Amino acid sequence: METGLNSTTTVLQVLPPPRLNVAQRLRQATRLSQVRTELVEAYQVALRRWMGDPVLMALGLPFVSEGYRSPERQDELYTHGRSAPGPIVTYKRGGESKHNTLPSQALDVAFLLADDEVSWSPALLSKFARLMKAADARVHWGGDWPGFKDRPHFEV
Ligand SMILES: [Zn+2]
């Protein structure tokens, strides 16, 4: 038992918490500048809480993978799993998604892991969703939708 705890501690000490590099931080700022204020504020409150918890930070660092999405890009995504290969990623056509307004009424979250991989882990997203909903009750999480679960997705 003690051996297991020690090896976990060692891993946490060897791998520093993930951090966004300069280019990633710039992209974050641009994405957030195109999102509705109340959603950005909820995200920032949730992010601060996450970053203040070493256990959560050891799991990964949340970042915004998408804010505003043009109707053309939405139409292109709609083809995924239909006329284009791959799984279905959206049920909305161009102009129908809350990502398609400026400012965007939606943002998508992913996680940067300690090894610099990007994760959309349902477990991590559901932990972050709890913080988002606690930050602002007007925030809706795509993971709560009946049927198709869009776990990276948050909207107002
Ligand atoms: Zn989304």
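Predicted, not measured: the structure shown is a model, and the values here were computed from it.

## Details of the coordination of the zinc ion
The coordination sphere of the zinc ion contains the protein donors His99 (NE2), Asp108 (OD) and His153 (ND1), at a distance range of 2.0 Å. Sequence positions of the donors to the zinc ion reduce to the motif H-x8-D-x44-H. Separated by 54 residues along the polypeptide, His99 in the loop between helix H5 (71–79) and strand E2 (106–112) and His153 in strand E5 (residues 153–155) bring together distant segments of the chain. Neither His99 nor His153 differs from the other in exposure class; each is buried.

## With respect to the layout of surface pockets
In this structure, the largest pocket occupies an estimated 510 Å³ of space. Among the elements of the structure, strand E1 (61–66), H5 and E5 are those that each provide at least two residues to the lining of the largest pocket. Forming the boundary of the second largest pocket are 13 residues, of which Leu20, Arg25, Gln28, Leu47 and Met51 lie nearest the centre. Put simply, the parts of the chain that give the lining of the second largest pocket at least two residues each are helix H2 (22–33), helix H3 (37–51) and E1. Its residues placed into classes, the lining of the second largest pocket shows nine nonpolar, two polar and two charged.

## Digging into unusual backbone geometry
A cis amide bond links Leu102 to the next residue, Pro103, at an omega of -5°. We note that Asp116 has phi near 75°; this positive angle belongs to a residue other than glycine. Relative to the elements of secondary structure, Asp116 occurs in the loop between E2 and strand E3 (118–119).

## Observations regarding the packing of aromatic side chains
For the structure on display, the rule yields seven aromatic pairs. Where Tyr43 meets Phe128, the ring centres are 5.8 Å apart and the plane angle is 65°; that geometry is what we call edge-to-face. Pair noted here: Tyr43 is in helix H3 and Phe128 is in helix H6 (residues 122–135), with a separation of 85 residues, a long-range link. Each ring, one from Tyr91 and one from Phe148, has its centre 4.9 Å from the other, and the planes form 65°; the classification is edge-to-face. Here Tyr91, found in the loop between H5 and E2, pairs with Phe148, found in the loop between strand E4 (140–141) and E5; they are 57 residues apart in sequence, far enough to count as distant. By relative accessible area, which is 31% here, Phe148 ends up partly exposed. One Lys or Arg, Arg82, reaches over the ring of Tyr78 and ends 3.8 Å from the middle of that ring. Note that Arg82 overlies the ring of Tyr91, its terminal NZ or CZ placed 5.3 Å from the centroid.

## Digging into the side chain of Gln28
Relative to the helices and strands, Gln28 resides in helix H2. According to the relative accessible area criterion, Gln28 is buried, its value standing at 9%. When near neighbours in sequence (up to four residues on either side) are disregarded, Gln28 contacts Leu20, Tyr43, Phe63 and Val64.

Conventions used here
- Residues numbered from 1 in each chain as written.
- Predicted model: local features only at pLDDT ≥ 70, side-chain atom pairs only at ≥ 80, totals over all residues.
- Heavy atoms only, no water.
- Donors = N, O, S within 2.8 Å, 3.2 Å for Na, K, Ca; no water.
- Helix = DSSP H or I, 4+ residues; strand = E, 2+ residues; numbered from the N terminus.
- Buried < 20%, exposed > 50% of the residue type's maximum accessible area, 1.4 Å probe, protein only.
- 1 Å grid on protein atoms, 1.4 Å probe; cavity = no way out; pocket = protein on both sides within 12 Å on 5 of 7 lines; lining within 4 Å.
- Points joined across faces, edges and corners; volume = space filled by probe spheres on them.
- Nonpolar A, V, L, I, M, F, W, Y, C, P; charged D, E, K, R; others polar.
- Phe/Tyr/Trp six-rings, centres within 6.5 Å; stacked < 30°, edge-to-face > 60°.
- Lys NZ or Arg CZ within 6 Å of the ring centre and 35° of its normal.
- Contact = heavy atoms within 4.5 Å.

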